[in-house]
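Structural features, examined
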Amino acid sequence: MTRILAAQTPEHIGETVTVAGWVHRVRDHSKVLFIDLRDRSGLLQVVAGGWTPEAYAALKECGSEDVIEITGSVATRPEKLINPNIVSGTVELQAASVTVLNKRTTPLPFLVDEDTSSIDEELRLEYRYLDMRSDRMRANVRARAAMFKLIRAFLDSKDFTEIETPLLSAATPEGARDFIVPTRAKGKFFALPQSPQQFKQLLMVGGMERYYQVAKCFRDEDSRKDRQPEFTQIDMEMSFVEQEDVISLNEELLIKLVTELYPEKRIQQVPFPRISYAEAMEKYGTDRPDMRENPEDPNLLAFCWVLDFPFFEKTDAGGWTFTHNPFSQAKPEHVEMLMKGESIGDILTTQYDVALNGFEIGGGSIRAHRPEELRQTFSIMGYSDEQVEAGFGHMLKALTLGAPPHGGIAWGFDRLVMLLQGEPNIREVIPFAKTGEGQDPLMAAPSAVTMSSLSEVGLALLPDKK
Ligand code: ASP
């Protein structure tokens, strides 16, 4: 018999149906047994008693988290036994036969029929496949999917093309350390992308005009509540646009996302307020201000745009480095300063960040599409012509082969989901997250590799420092 879901059972009153799922809870009232069966749609109450001796005996053997299949008839519940808290609360299934599809034989490291947030996190991550059986975690995983779906539909309707870019490639600077991947070509390494920055710009040179991607990015930096070594961006780039175009499209999408998927939430101010970096630092002491009128309100969302960032900042060694993105264009009125290399600390960039309740959830810029501007940025940062050629020659060349003006943005997707789902850190909304220390306790990674794997890629480990 084809399986139906718990949530569908109320449509089958009086019929014989088959359901399958996990034993959520067992309640043994001596002569009558109740189990709550859980599937992806929710819970169903199953009942067996002496009137079905075989089903009763089989159910009696079942323990939490066994996977079982039950055939039985769907009966309405008396009015006073209706449970509005479960998807099938108006009915119950009277079991006629029970098949155990997989017996749980290992003790459960923790219970999953309740909220797991107070359980040791490392243990939860080691057993993430159990953890995600809990309501809250399942809701978090599903929330991502709902958001992806809405974002894709929106961007598709605006004539964007979803395009993948490589994970194995050369380094692109985003201000963090790269994860490097050794290869069998001895001494040659790939770098995992800190972002698809160069590729998305090259797609513009390629005439794609409007690109987006759900992009995995990798940055080897210390994890925090809103950082993981591997994370997800909603990445996009557009040709023939100015700052205002990128901002308004993204604002429209963020508003749509909240109003359609989180109708209980209130956006504090629309259009989103805009604040300069200088003002944000002065008033809030941070470039991702929390503008909420009432930070106690979990349903209040205070988005804001932060603009007019300095392009460069001093390095410890006294030189200059970029604050956000070396590929950005200076603000149009500051291009001349950039080209002359004057008052470098005062040059502002076209960078725009979007912050939500004190977290940066996105950032982007209009790019330098004229090669001389990009070359000058690297020269201000102290790169020699040879270094620029070696690191970015391909970008500079592309900009000489017909490059449209373009700009884009990337959202830190995990942070946005964290805030909308009301979770305290991004690990709660990443299906298979790493610990705060960047470890994966489930797969036990990172881990040592054999000497022969190392020698295949021409590597040997240095002895430990004494
Ligand atoms: N690549 C930038 C980042 O990852 C985003 C952008 O400028 O589009 O922050």
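Below or above, wherever it landed, is the structure these notes cover. (Residues numbered from 1 in each chain as written. Predicted model: local features only at pLDDT ≥ 70, side-chain atom pairs only at ≥ 80, totals over all residues. Heavy atoms only, no water.)

This part covers the sheet that holds strand S9 (residues 210-218). With mixed pairing, 8 strands are arranged side by side in an open sheet as S6-S9-S10-S19-S18-S17-S14-S12. Each edge of the sheet is formed by a strand with only one pairing partner; in this case those strands are strand S6 (161-162) and strand S12 (274-276). Contacts from helix H5 (residues 197-205) reach S9, strand S10 (230-239) and strand S19 (406-412) within the one sheet, and its direction differs from that of S10 by about 25 degrees. Across the face of the sheet, helix H6 (residues 243-261) comes into contact with S9, S10, S12, strand S14 (303-307), strand S17 (352-356), strand S18 (359-366) and S19 while running at roughly 30 degrees to S19. (Pairing = 2+ DSSP bridges. Helix = DSSP H or I, 4+ residues; strand = E, 2+ residues; numbered from the N terminus. Contact = heavy atoms within 4.5 Å. Axes fitted to C-alpha atoms, helices over the stretch in contact; angles between N-to-C directions.)

On to the pairing of strand S4 (residues 67-76). Taking burial as the measure, the 10 residues of S4 include 7 buried ones, the bulk of the element. Bridging between strand S1 (residues 16-29) and S4 involves 7 bridges; their strand directions are antiparallel. Its bridge partner being in S4, Trp22 is matched across the sheet by Val67. When S4 meets strand S5 (residues 91-102), the two strands line up antiparallel, connected through 10 bridges. In the sheet register, Ile68 faces S5, and the bridge partner there is Val100. (Buried < 20%, exposed > 50% of the residue type's maximum accessible area, 1.4 Å probe, protein only.)

For helix H9 (residues 371-380), the tally of buried residues reaches 7 of 10 residues, placing the bulk of the element in the interior. Among all positions of H9, only Pro371, Glu373, Leu374, Gln376, Thr377, Phe378 and Ile380 are buried. Of the surrounding secondary structure, the elements contacted by the buried residues of H9 are strand S15 (312-314), strand S16 (320-322), helix H8 (335-340) and helix H10 (385-398). The first or second residue beyond H9 is Gly382, which carries a positive phi of 85 degrees.

Moving on, we come to a nonpolar patch on the surface. A cluster of nonpolar side chains, contributed by Ile180, Phe189 and Leu459, occupies part of the molecular surface with about 270 Å² of accessible area. Within the element layout of this structure, Phe189 appears in strand S8 (residues 189-191). (Patch = residues over 30% accessible without salt bridge, like charges linked within 9 Å, V, L, I, M, F, W, Y side chains within 5 Å. Areas by Shrake-Rupley, 256 points an atom, 1.4 Å probe, with all protein chains shown as cover. Salt bridge = Lys/Arg side-chain N within 4 Å of Asp/Glu carboxyl O.)

On to the side chain of Asp39, then. For Asp39, the position within the fold is in strand S2 (residues 32-39). Arg3 provides the closest opposite charge to the buried, salt-bridge-free Asp39, at an N-O distance of 4.0 Å. In this structure the side chain of Asp39 is engaged in a polar contact, spanning 2.7 Å, whose partner is the backbone nitrogen of Ala6. Sequence-distant contacts of Asp39, defined by excluding residues within four places in its chain, comprise Arg3, Ile4, Leu5, Ala6, Ala20 and Arg138. (Lys, Arg positive; Asp, Glu negative; His and termini not counted. Polar contact = N/O pair within 3.5 Å; in protein donor to acceptor, adjacent residues only side chain to side chain.)

Right, let's get into the site of the ligand. For the ligand, the set of nearby residues contains 13 residues, the closest of which are Glu174, Gln197, Lys200, Gln233 and Arg367. A distance of 3.2 Å separates an oxygen atom of the ligand from a polar side-chain atom of Asn325. Take Arg367: an N or O atom from its side chain is 2.8 Å from an oxygen atom of the ligand. Contact with the protein chains hides 88% of the accessible area of the ligand, taken as 270 Å² for the molecule alone. Here the ligand is seated within the largest pocket. If you list the elements that add at least two residues to the shell around the ligand, you get H5, S18 and S19. In terms of residue class, the shell around the ligand is built from 2 nonpolar, 7 polar and 4 charged. (Near = heavy atom within 4 Å. 1 Å grid on protein atoms, 1.4 Å probe; cavity = no way out; pocket = protein on both sides within 12 Å on 5 of 7 lines; lining within 4 Å. Sits in = over half its atoms within 2 Å of the grid points. Nonpolar A, V, L, I, M, F, W, Y, C, P; charged D, E, K, R; others polar.)

The subject of this paragraph is the packing of aromatic side chains. The tally for this structure, following the rule as stated, stands at 11 aromatic pairs. Taken together, a centroid distance of 4.5 Å and an interplanar angle of 10 degrees make the contact between Phe272 and Phe303 stacked. Placement of Phe272 in the loop between strand S11 (266-267) and S12 and of Phe303 in strand S14 is noted, with a sequence separation of 31 residues between them. On the accessibility criterion, Phe272 (2% relative accessible area) is buried. For Phe303, a relative accessible area of 2% puts it in the buried group. Three or more aromatic residues joined by ring pairs make a cluster, and in this case those are Phe327, Phe378, Tyr383 and Phe392. Over the aromatic face of Trp320 sits the side chain of Lys314, whose NZ or CZ is 4.2 Å from the ring centroid. (Phe/Tyr/Trp six-rings, centres within 6.5 Å; stacked < 30°, edge-to-face > 60°. Lys NZ or Arg CZ within 6 Å of the ring centre and 35° of its normal.)

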